[in-house]
Amino acid sequence: MARTPRREVIDESAVGVFHCVNRCVRRAFLCGQDPVSGQDFDHRRAWIQRRMEFLAGEFGVEVLGFAVMSNHLHVILRTRPDVAAEWSDNDIALRWWNLFPLRREQDGSPAEPTEAELGMLLCDSKVLAERRQRLSSLSWFMRCLAEPIARRANREDQCTGRFWEGRYKCQPLLDEAALLACSVYVDLNPVRAGIAATPETSRHTSGYERIEASKASDRSRHSSSSTDDWLSPIELDEQSERSSEPPARRASHRGYLSLDLTAYLKLLDWTGRQIRRGKRGAIPSDLAPIMERLQISSDLWVDTVQNFRKLFHRAAGAPATLAAEAARRGKRWLAGMQSSRECFAG
């Protein structure tokens, strides 16, 4: 069956949230320890994470969650064309230079552009407008993530050819319930795969980064810096969003869930315990109201997280949001989606 054209899935003029997956070629363990050859490529997972950190500071695309596995990558991204529209022409030119510099330092980082070099980027308003659009594009973000990793890995292996299996797969997350379930699903990928026992030992995931930053903050309460400040904050907080000081390492201060970091990590930990020990416990009473507000069935929560990719294919959301998305694309999905619809039925 032919893949749906990306232009039907993504409206690049509007804010959208997407779950993207990219797999290594032939699903080989090119970012972990190959069980056949015994070669260890685990250091490449750090390459991918550092690259995401860099891109989060240059693009109008926010990283909400991620998990770098041994042979594939999960990342939850929110496109922000509204933020990119507010950047000055100089901002656009400098960000584009940082992504595609004509000169580099010895360590490979972009060299400081001269006035003449920036002027060349600013001289054509039509090209500048196109680059503004690209700086909030999901496809350009994923391209700028995947290509340098592939080239670097091929240089290390002294080979040519594909590193990634193909283009990334993209799944729109249509409402907050879908976003919460997908966030927990992504953060618990190492637990589900049996390579980590708990979220706090699941390295190269957004959950691990948030836990480490929280522990560092507790140790140094007077420090305003955070190691996870390139990730979007969890909590939707209007006061933080109105901050006049723009963030240095991400597009905006906007959160994405109606619960704070403590509640999210508690839900993450509880869900991971159910998945790991293979039996169902009761959701703690202080977390149950979160499920009620988001109209998620607590009885089906663990199944939804554990089988997220199986239950939702073209898009993820509650019945009403799925119906609206199907109508937007001129499709008729809902006849075969009864099991998926039931997952978010309260």
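Quick caveat, the model's predicted, so the values are computed rather than measured.

### A few points about the overall build of the protein
From N to C terminus, the protein includes 17 helices and four strands. Relative to the 2.2 N^0.38 estimate, which gives 20 Å for 346 residues, the radius of gyration of the protein is 21 Å and therefore close to what a compact globule would have. C-alpha atoms of the protein, sized along the principal axes, occupy 65 × 55 × 45 Å. The 346 residues of the protein split such that 49% are buried. Within the protein, residue pairs in contact and separated by at least 24 positions form 69% of the contacts whose partners lie at least 6 positions apart. With 51 positive and 46 negative side-chain charges, the protein shows a spacing of 7 Å between the two charge centroids.

### Quick look at the UniProt feature "domain: Transposase IS200-like" (unreviewed entry) in the protein
Sites flagged by UniProt as "domain: Transposase IS200-like" (unreviewed entry) map to residues 13-189. Secondary structure content for residues 13-189 is 47% helix and 16% strand, and the end C-alpha separation is 31 Å.

### Notes on the sheet that holds strand S4 (residues 169-172)
The pairing of strands in a sheet happens through backbone hydrogen bonds and is either parallel or antiparallel. One open sheet accounts for four strands, arranged S2-S3-S1-S4; its pairing is antiparallel. Strands at the two margins of the open sheet, each flanked by one partner only, are strand S2 (61-68) and S4. Neighbour to neighbour, the strand axes of the sheet diverge by 20° on average, direction disregarded. The sheet contacts of helix H8 (residues 176-187) involve strand S1 (16-23), S2 and strand S3 (72-79), and relative to S3 the element is tilted by about 150°.

### A short note on the packing of aromatic side chains
Under the defined criterion, the tally for this structure stands at eight aromatic pairs. Ring centres of Phe59 and Phe141 lie 5.4 Å apart, and the angle between their planes is 70°; on these two criteria the pair is classed as edge-to-face. With Phe59 in the loop between helix H2 (43-58) and S2 and Phe141 in helix H7 (residues 138-157), this residue pair connects regions lying 82 residues apart in the sequence. By relative accessible area, Phe59 is classed as buried at 1%. In this structure an aromatic cluster arises from ring pairing among Trp96, Phe100 and Trp140. Seen from the ring of Trp87, Arg95 lies directly overhead, with NZ or CZ sitting 3.7 Å from the centre.

### As for the pattern of salt bridges
Going through the model one piece at a time under the given rule, you end up with 17 salt bridges. In this structure, the salt-bridge partner of Glu156 is Arg44, at a minimum N-O distance of 2.7 Å. One end of the pair, Glu156, is in helix H7; the other, Arg44, is in helix H2, and 112 residues separate them in sequence. When the shortest N-O distance is used, the salt bridge between Arg273 and Asp269 registers 2.8 Å.

### Some thoughts on the nonpolar core
Membership of the largest hydrophobic core comes to 50 residues, with the highest contact counts inside it found for Ile48, Met52, Phe59, Leu77 and Phe163. Elements with a contribution of two residues or more to this core: S1, H2, S2, S3, helix H3 (81-86), helix H4 (89-99) and H7. Residues in contact with Phe163, not counting those within four places in the same chain, are Cys24, Val25, Leu30, Cys31, Arg44, Ile149, Ala150 and Ala153. With 41 residues, the next largest nonpolar core counts Leu188, Val191, Leu259 and Leu267 among its residues.

### What about the environment of Arg26?
Following the sequence through the fold, Arg26 ends up in the loop between S1 and H2. Each C-alpha atom, one on Arg26 and one on Ile283, is 39 Å from the other, the two residues being 257 residues apart in sequence.

### Side note on H7
With 20 residues, H7 should cover 28 Å at 1.5 Å per step; its first-to-last C-alpha distance of 29 Å lies within 8% of that length. Here H7 starts with a cap whose side-chain oxygen sits 3.3 Å from the backbone nitrogen of Ser139, and that cap is Ser137. Gln158 occupies a position one or two residues after H7 and carries a positive phi of about 55°.

### Here's the deal with the packing of H2 against H7
Where H2 meets H7, the axes come as close as 10 Å, and the angle between the chain directions of the two elements is 145°. For the element pair H2 and H7, the recorded crossing hand is right-handed. Judged by residue contacts, His43, Arg44, Trp47, Ile48, Arg50, Arg51, Met52, Leu55 and Ala56 of H2 engage Phe141, Cys144, Leu145, Pro148, Ile149, Arg152, Ala153, Glu156 and Asp157 from H7. Of the residues in the contact of H2 with H7, the class split is 11 nonpolar, one polar and six charged.

### Here's the deal with the environment of Val191
As for its position among the elements, Val191 is in helix H9 (residues 189-192). On the accessibility criterion, Val191 (6% relative accessible area) is buried. Measuring from C-alpha to C-alpha, the distance between Val191 and Thr201 comes to 9.0 Å, with 10 residues separating the pair along the chain. Discounting residues that sit within four places of it in the chain, Val191 has contacts with Ala196, Ala197, Thr198, Pro199, Ser202, Gly272 and Arg276.

Criteria and thresholds
Residues numbered from 1 in each chain as written. Predicted model: local features only at pLDDT ≥ 70, side-chain atom pairs only at ≥ 80, totals over all residues. Heavy atoms only, no water. Helix = DSSP H or I, 4+ residues; strand = E, 2+ residues; numbered from the N terminus. Rg over C-alpha atoms; globule rule 2.2 N^0.38 Å. Buried < 20%, exposed > 50% of the residue type's maximum accessible area, 1.4 Å probe, protein only. Contact = heavy atoms within 4.5 Å. Lys, Arg positive; Asp, Glu negative; His and termini not counted. Charge placed at Lys NZ, Arg CZ, Asp CG, Glu CD. UniProt positions renumbered as here; feature names shortened; annotations may be inferred. Pairing = 2+ DSSP bridges. Axes fitted to C-alpha atoms, helices over the stretch in contact; angles between N-to-C directions. Phe/Tyr/Trp six-rings, centres within 6.5 Å; stacked < 30°, edge-to-face > 60°. Lys NZ or Arg CZ within 6 Å of the ring centre and 35° of its normal. Salt bridge = Lys/Arg side-chain N within 4 Å of Asp/Glu carboxyl O. Core = buried A, V, L, I, M, F, W, Y, C linked by side-chain atoms within 4.5 Å. Expected span 1.5 Å × (residues − 1). Polar contact = N/O pair within 3.5 Å; in protein donor to acceptor, adjacent residues only side chain to side chain. Left-handed = near helix turned anticlockwise from the far one by under 90°. Nonpolar A, V, L, I, M, F, W, Y, C, P; charged D, E, K, R; others polar.

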